[in-house]
Amino acid sequence: MRYAQLVVGPAGSGKSTYCSTMVKHAIDNKRIIEVVNLDPAAEHFDYEPLVDIRELIHLDDAMEDEELQFGPNGGLVFCVETLLENCDWLEEQLGDVDDDYILFDCPGQIELYTHLPVVRQLVDTLQKWNFRICVVFMIDSQFMVDGAKFLSGTMAALSVMVNLELPHVNILTKMDLLTKTARKQLDDYLDPDPHILLADMRHARSRWHEKYAKLTEAIGQVIENFSLVRFYPLNIKDEESIDNILLTIDNVIQYGEDADVKIRDFDEQDPEDDDN
Ligand SMILES: Nc1nc2c(ncn2[C@@H]2O[C@H](COP(=O)(O)OP(=O)(O)OP(=O)(O)O)[C@@H](O)[C@H]2O)c(=O)[nH]1
Ligand SMILES: [Mg+2]
């Protein structure tokens, strides 16, 4: 078995920072976590990638091509499609290491995950190569501290879940930047009870809310019915917070469980052997 986190989320939500944070955390804990950069327009990140899509195709290649004439968004989709057409390249670059653990640092274009088919196709390919995958959806906590924004972030998370159909963990990033008041507000929402949220929005009593109260209510119902949308706060300045997130995701992809079995088997084999 091989293990992967598909790190997705809106532009600037903290995907690349998350990846380098996890790599450092793994080193401190004598574990190996590698990162693959899948962002063809990436300019800066703080890790040494195992594989870098820019070696295959750079966004500029798609945009500067006289025939293609893509803008930045179409160009990005074109790059991911090019990667899919060159799966052999990716497969070779990834190597074939049992029990490896890889983070895929994805581009920040949300359509890739909410409705375009390319990332779903990439997932199918990775599964064929024996990867057990968890989608890790990043969202900036600063955009989640009022009712309407929280609802919209939740809907984005939900549409990624529905489109990719994979085990899924939502992460609230940049918790270190929140004020105490904002943190308190967020805590109230984190307990996934849409009623608190909706009551809060009704409280706002703007004309918009009055007019669309029923719509808000219906959206709240959808969130409640799915009851799957849960957010885990991440503070990259707090080792315990990082460790909790990693542990949660490890559990989702059952990382370490097979290893435990191996150790147990070994112990149970023949205790007398130890005397030799
Ligand atoms: N204080 C703080 N800043 C953060 C954190 N995560 C990311 N940032 C900052 O937010 C900005 C964007 O972070 P990135 O990690 O590049 O975000 P990204 O999601 O990879 O962005 P794109 O690849 O452009 O979509 C950078 O300036 C980071 O330094 C965090 O947890 N705390
Ligand atoms: Mg990035």
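What you see is a predicted model; the values in this text were computed from it and never measured. (Residues numbered from 1 in each chain as written. Chains lettered and ligands numbered in written order. Predicted model: local features only at pLDDT ≥ 70, side-chain atom pairs only at ≥ 80, totals over all residues. Heavy atoms only, no water.)

## A short note on unusual backbone geometry
Defined as follows: What counts as a helix is a DSSP run of H or I of at least four residues, what counts as a strand is a run of E of at least two, and both are numbered from the N terminus.
Backbone geometry places Lys30, a non-glycine residue, at a positive phi of 55°. Along the chain, the position of Lys30 falls in the loop between helix H1 (15–28) and strand S2 (34–37). Look at Lys174: it is not a glycine, yet its phi comes out positive at around 60°. Mapped onto the secondary structure, Lys174 falls in the loop between strand S6 (168–173) and helix H8 (180–190).

## Overview of the pattern of salt bridges
For the record, the criterion: What counts as a salt bridge is simple: a side-chain nitrogen of Lys or Arg found within 4 Å of a carboxyl oxygen of Asp or Glu. Only protein chains enter the accessibility calculation, which uses a 1.4 Å probe; a residue is then buried when its area is under 20% of its type maximum, exposed when over 50%, and partly exposed in between.
Under the criterion given, the structure shown has seven salt bridges. Here Asp100 and Arg2 are joined by a salt bridge, their closest N and O atoms 2.7 Å apart. Highlighted residues: Asp100 in the loop between helix H4 (87–94) and strand S4 (101–105) and Arg2 in strand S1 (residues 2–8), separated in sequence by 98 residues. Comparing Asp100 with Arg2, the two get one shared label, buried.

## Observations concerning the pairing of S4
Of all five residues in S4, five are buried; the element is thus mostly enclosed. Alternating residues of S4 divide into Tyr101, Leu103 and Asp105 and Ile102 and Phe104, and every residue in both groups is buried.

## Description of the site of ligand 1
The cut-off we apply is this: By convention in these notes, a residue is near a molecule or strand provided one of its non-hydrogen atoms lies within 4 Å of it. Polar contacts here mean pairs of N or O atoms no more than 3.5 Å apart (in protein, one a potential hydrogen donor and the other a potential acceptor; neighbouring residues in sequence count only if both atoms are side-chain atoms). Using the Shrake-Rupley algorithm and a 1.4 Å probe, accessible areas are obtained, with residue cover drawn only from the displayed protein chains. Three residue categories are used. Nonpolar comprises Ala, Val, Leu, Ile, Met, Phe, Trp, Tyr, Cys and Pro, charged comprises Asp, Glu, Lys and Arg, and polar comprises the others, including Gly.
Around ligand 1, the surrounding shell holds 13 residues, and the nearest of these are Gly14, Lys15, Ser16, Thr17 and Asp176. Within the backbone of Gly12, a nitrogen or oxygen atom sits 3.1 Å from an oxygen atom of ligand 1. A distance of 2.9 Å is found between an oxygen atom of ligand 1 and a side-chain nitrogen or oxygen belonging to Ser16. Relative to its free-state accessible area of 650 Å², ligand 1 is covered by the protein chains to the extent of 66%. By residue class, the composition of the shell around ligand 1 is three nonpolar, six polar and four charged.

## Observations regarding the nonpolar core
Using the following cut-off: In this description, a nonpolar core means a group of buried Ala, Val, Leu, Ile, Met, Phe, Trp, Tyr and Cys residues linked to one another through side-chain atoms lying within 4.5 Å. The contact criterion used is simple: two residues touch if any of their non-hydrogen atoms lie within 4.5 Å.
In this structure, Leu6, Leu94, Phe104 and Phe231 are the most contacted members of the largest nonpolar core, which totals 51 residues. Ignoring any residue separated from it by four or fewer positions in sequence, one finds Leu94 in contact with Arg2, Val36, Leu50, Val51, Asp100, Ile102, Phe104, Leu126, Trp129 and Phe131. Counting residues in hydrophobic clusters, the runner-up holds 25 residues, among them Val23, Ala26, Ile33 and Tyr101.

## Side note on the packing of helix H3 (residues 72–85) against H4
For clarity, the cut-off: Lines fitted to C-alpha atoms define the axes here, with helix axes fitted over just the stretch in contact, and angles between the N-to-C directions of these axes take values from 0 to 180 degrees. For classification, angles of less than 35 degrees are called roughly parallel, those exceeding 145 degrees roughly antiparallel, those between 65 and 115 degrees roughly perpendicular, and all remaining angles oblique.
Two numbers describe how H3 lies on H4: the axes approach to 4 Å, and their chain directions differ by 75°. Taken together, the axes of H3 and H4 are roughly perpendicular relative to one another. Contact residues: Leu83, Leu84 and Glu85 in H3; Cys87, Trp89 and Leu90 in H4. Classifying every residue of the contact of H3 with H4 gives five nonpolar, no polar and one charged.

## Details of the sheet that holds S1
Defined as follows: Two strands pair under a simple rule: DSSP has to find at least two bridges between them.
Taken together, the seven strands give an open sheet; going across it, the order is S3-S2-S4-S1-S5-S6-S7, and neighbouring strands pair in parallel fashion. Of all strands in the sheet, those with a lone pairing partner are strand S3 (51–52) and strand S7 (231–233), marking the two edges. Of the pairings in the sheet, the one linking S2 to S3 comprises two bridges and is parallel in character. Looking at S3, one finds that Asn37 is bridged to Asp52.

## With respect to the confidence of the model for the protein
Heads up, the rule is: Each residue gets a pLDDT score, which is the predictor's confidence in that residue and runs from 0 to 100.
Across the protein, pLDDT averages 87, with 85% of residues at or above 70. Between the elements of the protein, mean pLDDT differs from a low of 57, seen in helix H13 (residues 257–268), to a high of 98, seen in S2. Note on the complex model: pTM 0.88, ipTM 0.99.

## Some remarks on a negative patch on the surface
Put simply, the rule is: Surface patches are drawn from residues lacking salt bridges whose relative accessible area is over 30%; two like charges belong together within 9 Å, two nonpolar side chains (Val, Leu, Ile, Met, Phe, Trp, Tyr) within 5 Å. Charged residues are defined narrowly, with Lys and Arg counted positive, Asp and Glu counted negative, and His plus the chain ends left uncounted. A charged residue contributes its charge at one atom only: NZ of Lys, CZ of Arg, CG of Asp or CD of Glu.
Taken together, the side chains of Glu43, Asp60, Asp61, Glu64, Asp65, Glu66 and Glu67 present a region of like negative charge at the surface. Following the sequence through the fold, Glu66 ends up in the loop between helix H2 (59–64) and H3.

## Description of the packing of aromatic side chains
Put simply, the test is: Each Phe, Tyr or Trp ring, with Trp reduced to its six-membered ring, pairs with another whose centre is within 6.5 Å; inter-plane angles below 30 degrees give stacked pairs, above 60 give edge-to-face pairs, and intermediate values give tilted ones. Geometrically, a charge over a ring is one whose NZ (Lys) or CZ (Arg) sits within 6 Å of the ring centre while staying within 35 degrees of the ring normal.
Tallied over the full model, the rule gives seven aromatic pairs. Linked through ring pairs, Tyr3, Tyr101 and Tyr255 together constitute an aromatic cluster. The ring of Tyr101 has Arg31 lying over it, and the distance from NZ or CZ to the ring centre is 4.8 Å.

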